[in-house]
Amino acid sequence: MSPAPGVERLRFRGRIAGVGTTSGTRVVVGHWHDTPLGSFSDAMVETAAGHRVLLAPRDEVADLIATTYTFDEVRVQPFEVAETGGVWRVRSPSLSLDLDVGRRTALGLLLRLLPNRLAAAPWFCTLTDPVARLLLRGVRTRGITHADRREWYGATDHHRLGTATGSFDGADLGTLAPVDPPCRFGFSSTPRRPSVTSVVTTVDVG
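On a predicted model such as this, the values are computed, not experimentally measured, just so you know.

The rules behind each value
Residues numbered from 1 in each chain as written. Predicted model: local features only at pLDDT ≥ 70, side-chain atom pairs only at ≥ 80, totals over all residues. Heavy atoms only, no water. Patch = residues over 30% accessible without salt bridge, like charges linked within 9 Å, V, L, I, M, F, W, Y side chains within 5 Å. Areas by Shrake-Rupley, 256 points an atom, 1.4 Å probe, with all protein chains shown as cover. Salt bridge = Lys/Arg side-chain N within 4 Å of Asp/Glu carboxyl O. Helix = DSSP H or I, 4+ residues; strand = E, 2+ residues; numbered from the N terminus. Phe/Tyr/Trp six-rings, centres within 6.5 Å; stacked < 30°, edge-to-face > 60°. Buried < 20%, exposed > 50% of the residue type's maximum accessible area, 1.4 Å probe, protein only. Expected span 1.5 Å × (residues − 1). Bend = angle between axes of the 7 residues up to and from the residue. 1 Å grid on protein atoms, 1.4 Å probe; cavity = no way out; pocket = protein on both sides within 12 Å on 5 of 7 lines; lining within 4 Å. Points joined across faces, edges and corners; volume = space filled by probe spheres on them. Disulfide = S-S within 2.5 Å.

This next bit is on a nonpolar patch on the surface. Residues Leu107, Leu110 and Leu113 make up a contiguous nonpolar surface patch of roughly 300 Å² in combined accessible area. Of note, leucine 110 is situated in helix α2 (residues 106-112).

To continue, consider the packing of aromatic side chains. If you walk through the whole model with that rule in mind, you get four aromatic pairs. Aromatic side chains phenylalanine 12 and tryptophan 32 sit 6.4 Å apart centroid to centroid with 75° between the ring planes, which places their arrangement in the edge-to-face category. Highlighted residues: phenylalanine 12 in strand β1 (residues 8-21) and tryptophan 32 in strand β2 (residues 26-34), separated in sequence by 20 residues. Considered together, phenylalanine 12 and tryptophan 32 belong to a single accessibility category, that of buried residues.

In the structure shown here, the tally under the stated rule is 17 salt bridges. We note a salt bridge from arginine 75 to glutamate 73, for which the minimum N-O separation is 2.8 Å. The partner of aspartate 129 in a salt bridge is arginine 140, with the nearest N and O atoms 3.1 Å apart. Here aspartate 129, found in helix α4 (residues 122-135), pairs with arginine 140, found in the loop between α4 and β9 (142-144); they are eleven residues apart in sequence, far enough to count as distant. Take aspartate 129: its relative accessible area is 2%, and that puts it in the buried class. Linked through salt bridges whose partners overlap, the residues forming this network are Asp129, Arg133, Arg140 and Arg142.

This part covers α4. Between its first and last C-alpha, α4 extends 20 Å over 14 residues, near the 20 Å set by a 1.5 Å rise per residue. Taken as a whole, α4 carries its principal kink of about 40° at threonine 128; the proline proline 130 stands between one and four residues after it. All buried positions along α4 are accounted for by Pro122, Phe124, Cys125, Asp129 and Ala132.

Here we come to the layout of surface pockets. Put simply, the largest pocket is a space of about 1100 Å³. Taken together, 50 residues line the largest pocket, and the ones lying closest to its centre are Val139, Tyr153, Ala155, Thr197 and Val199. Counting residues per element, the ones that place at least two in the lining of the largest pocket are β1, β2, β3 (40-46), α1 (59-66), α2, α4, β10 (150-168) and β13 (195-205). Tallying contributions element by element places α4 first for the lining of the largest pocket, with six residues.

This paragraph deals with the state of the cysteines. Taken as a whole, this structure holds zero disulfides when the rule is applied. The structure places no disulfide on cysteine 125, whose sulfur is separated from the nearest cysteine sulfur, that of cysteine 183, by 20 Å. For cysteine 183, a relative accessible area of 6% gives the class buried.

Pasting the structure below:
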């Protein structure tokens, strides 16, 4: 499955943490180690009131994400994710979040059996989409973004989250809760059960 003429295919390799909280705010943290824009981390935040905010570390990162997904507000600000002993410490002027990454799930064990190149292939993501939609509410592995960009998510590992604590704009987020309702940044949400997914995201930009 090749991109159309005049379309550039971009791949982003990293991990995504999907976090629900008892405050009603849901957070999706992207921690990317291999991308056309270099390594970076970012967060998509949807408050209990439905206000969607992008937190991005640089203008070029914000521009690409904001033209691929849907937000009510975009903030460019220092953003870091530090990992120590299975704990993610997410820090920016707007968001402070500590995540305890737990054991690999049954889904993660299954994904580890697949060669990464196969799991990330757009044609394979197209095949797995109906299965993901059936088993994981709100999750899709391929779709069209609001900018009419084709996009695929190829998962390669999956870990549950044990705990989450933090604040957004100075307000306490409470404790870990399901990602419910699903986030509304694009055609897919993260799994309902809070987790960290290793993923290759492929997007066609024309």
